[in-house]
Amino acid sequence: MNIHEYQAKELFRSYGVAVPSGVVVDSADEARRLISEKHGIFSGQSSVYAVKAQIHAGGRGKAGGVKIAKSVSDIPGYVETLLGKTLVTHQTGPEGRLVRKVWIEEGAQISREYYLSLVLDRSSRRISILASTEGGMEIEEVSAAHPEKILTLPVDPEMGCKGFVGRRVAAFLGLPITLYGAFSTMLANLTRLFVETDCMMVEINPLILTGDGRLLALDAKVSFDDNALYRQEKVLALRDLFEENELEIEASKHRLNYVKLDGSIACMVNGAGLAMATMDVIALAGGTPANFLDVGGGASKETVEQAFRILLGDPAVKGIFVNIFGGIVRCERIAGGIIAAAKDVKLHVPLVVRLQGTNAKEGREMLRESGLDLQVAEELFEGAQKIVQAVKGAK
Amino acid sequence: MSILVDRSTRVIVQGITGKEGSYHATACREYGTRVLGGVTPGKGGTVHEGFPVWDSVKDAVDAVHPDVSLIFVPPAFAADAILEAADAGIELIVCITEGIPVQDMMRVRRILDIRNEEGETVRLIGPNCPGIITPDGAKIGIMPGYIHKRGKVGVVSRSGTLTYEAVWQLTQLGLGESTCVGIGGDPVRGLNFLDVLALFEKDPETEAIVMIGEIGGDDEERAAAFAKAHMTKPVIGFIAGLTAPPGRRMGHAGAIVSGGKGSARDKMKALESYGIIVVDNPSVIGKTVAEALSKGDYRRVPTCH
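This one's a predicted model, so the numbers in the text were calculated from it and none came from an experiment.

**So, the overall build of chain B**
Turning to step 1, where the next piece is worked out: Within chain B, the regular secondary structure consists of nine helices and 14 strands.
Turning to step 2, where the next piece is worked out: Against the compact-globule benchmark of 19 Å for 305 residues, chain B has a radius of gyration of 19 Å, which places it among compact chains.
Turning to step 3, where the next piece is worked out: Counting only C-alpha atoms and orienting by the principal axes, one finds that chain B spans roughly 55 × 40 × 35 Å.
Turning to step 4, where the next piece is worked out: Long-range contacts, defined here as pairs at least 24 residues apart, represent 72% of the contacts in chain B between residues at least 6 apart.

Pasting the structure below:
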């Protein structure tokens, strides 16, 4: 699960990691009101503000999602421009993300910019600290062009981030020695945040050294382990459903694992690995997969029906390929579910069903005799070829 | 021969009175596995579906000396269950549970690694896996037993149903399987591809290995490098997720291309460079194994030791 920058900064603050002060607004009027009331950040001396669109994607600056207001009076105008705008960044996909909230924060004088992140490293099974002197740049780009400018250090979560680790990173970044202590404390706090809230990644890009010699997280990005959300009530409360695909939310309500893709051939599969392989085989047969969908072990009539509805909720879908390897679940039960669901849902696109495994022959027989307009397949690739052909024929 | 489990393997089930545990303990027993009973805290001394139930793994170990514990405990308690089994001296732990927080698994792995370094033997299969089966010997997991046939191909995979797909092909072609190990779809797990490849290399019954990987991490690459350096048997590889977009998790917690790393394309290239026979169509896994085995000259001699 991901959260917004303003939420991540609030979380940072609660763990003693310094961030710029700011407010989040969802209308220009609210911004005007806060300014006229001299609320919080508008009461002080600051004359420069950053006005930042809040979406769950990086690359906002380049996409025009961050404005610098040189005076308070410029702020409402920028808020107006950003709200309701669809930002397209390299992480949003071509459809972009609608801006519903804007974060306004005090501008900071930047003396130096750094990159700092903590990620869960599956290979070393440690928390990995990544630090770079190239703040403000995409870390993947730095990694490709100047790998020597990145320091990677594993941290044992049991031990936490000790002072020596902090000092080593501080030295690598070339921080003034007077800041080693403050930096080490910040890194230890971030590690504690990482462990206590079950993070997968915490990223500060850039971390800045201000003109007056303070460390400040100018941006904040945090993502959490979905498997741990059951014990992270406060984190779960930060979930923003507007940032997630409607069909994916609907699917998760029915315990279906669905990811929307850009293609035109939908697939419904039992098991995550087989679902991925099915997408690949659709591509191999000359089609484009419209989604990932794992219906799990059950595949009852209700599950299949919900799955059909979700697949058909995507207007790009031109055909459906059902691929079930019946193990514990017998294929004739799955066939029954498909027949009942297909009748209720009234499919208007070609359907190919591939059944294999337990009682597959009986299942296929039931499908053929159902009178439904569908094709039956025995092998995976055969099924993929049939659906690709059917979709081409239907055009 | 086979690896890790056979007809003599003694099994207990943690979480045996739960719906899943109960169903699969019975299914494993029906397959012929020696399921001696199970553990559910608070239900010790009772009998469930004909299985004796103990309060703790320690009690079960004292009573019946099992070799393996099969775990069906809910995610919030699964890490504790694995550690309990390890603490009681169980040498092979198979954890089916899906949805364990990854940091819990990091701690579990850490503790198991320390125990192994200190001279104990404790192996973990999973979590988030179908388990392990030696056809006609022992089924310790949730896979459908009948699709398997005792034979000469070792199978190791991060997936469940995709493994059944490959197994079914091997069975239909009459090649059969020596042992199939589902190592699981989580980012941090117990046994890895590399560990299982090493076991298959030593197993006289295994003549070829099917390795089914997917996007995310670099475990397939590490295993392939090992295969090139240390293995004589052909390895046939498939990687799922060629069409998966970067940054999106594909069902399995571990199936994600992140930071430009772990894509299917890169993995396939790496595997090929290490001499693994890579198939891009999962429908031809069985056929490719048969071809590799029929070419007598295929068997490679390791280039270095």
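**Focus: the environment of threonine 17 of chain B**
Residue and element names in this part refer to chain B.
Turning to step 1, where the next piece is worked out: Among the secondary structure elements, threonine 17 is positioned in the loop between β1 (10-14) and α1 (19-31).
Turning to step 2, where the next piece is worked out: Once the C-alpha coordinates of threonine 17 and phenylalanine 72 are considered, the two residues, 55 residues apart in sequence, prove to be 9.6 Å apart.
Turning to step 3, where the next piece is worked out: Each residue touching threonine 17, except ones within four places of it in the same chain, is listed here: Ser22, Thr40, Lys43, His48 and Val53.

**Side note on the interface of chain A and chain B**
A common measure of how large an interface is: the accessible area buried when the components associate.
Turning to step 1, where the next piece is worked out: Listed by partner, the interface residues are 41 residues for chain A and 47 residues for chain B.
Turning to step 2, where the next piece is worked out: Of all elements in the fold, only β13 (257-260), α9 (272-284), β15 (291-294), β17 (351-357) and α13 (380-394) of chain A reach the threshold of two or more residues within the side of chain A that touches chain B.
Turning to step 3, where the next piece is worked out: No other element matches the eleven residues that α9 of chain A contributes to the side of chain A that touches chain B.
Turning to step 4, where the next piece is worked out: A class-by-class count of the residues in the side of chain A that touches chain B yields 22 nonpolar, ten polar and nine charged.

**Examining the sheet that holds strand β11 (residues 177-182) of chain B**
Residues and elements named next belong to chain B.
Turning to step 1, where the next piece is worked out: Read across the open sheet, the seven strands follow the order β9-β8-β11-β10-β12-β13-β14; overall the sheet is mixed. Single-partner strands in this sheet number two, and they are β9 (138-141) and β14 (277-278).
Turning to step 2, where the next piece is worked out: Pairing between strand β10 (residues 150-157) and β11: five bridges, direction parallel. Residue pairing for β11: valine 156 is matched across the bridge by valine 181.

**Here we look at the domain arrangement of chain B**
Residue and element names in this part refer to chain B.
Turning to step 1, where the next piece is worked out: Taken domain by domain, chain B holds domain 1 (10-125) and domain 2 (143-298).
Turning to step 2, where the next piece is worked out: Each of domain 1 and domain 2 has a C-alpha centre, and these two points are 26 Å apart.
Turning to step 3, where the next piece is worked out: Listed as interface residues are ten residues of domain 1 and, on the opposing side, nine residues of domain 2.
Turning to step 4, where the next piece is worked out: Only α4 (102-117) and β7 (123-125) provide two or more residues apiece to the side of domain 1 that touches domain 2.
Turning to step 5, where the next piece is worked out: Along the lines of polarity and charge, the residues of the side of domain 1 that touches domain 2 split into eight nonpolar, no polar and two charged.

What counts, and where the lines are drawn
- Residues numbered from 1 in each chain as written.
- Chains lettered and ligands numbered in written order.
- Predicted model: local features only at pLDDT ≥ 70, side-chain atom pairs only at ≥ 80, totals over all residues.
- Helix = DSSP H or I, 4+ residues; strand = E, 2+ residues; numbered from the N terminus.
- Rg over C-alpha atoms; globule rule 2.2 N^0.38 Å.
- Contact = placed C-beta atoms within 7 Å.
- Nonpolar A, V, L, I, M, F, W, Y, C, P; charged D, E, K, R; others polar.
- Pairing = 2+ DSSP bridges.
- Domains from an automatic or database assignment.

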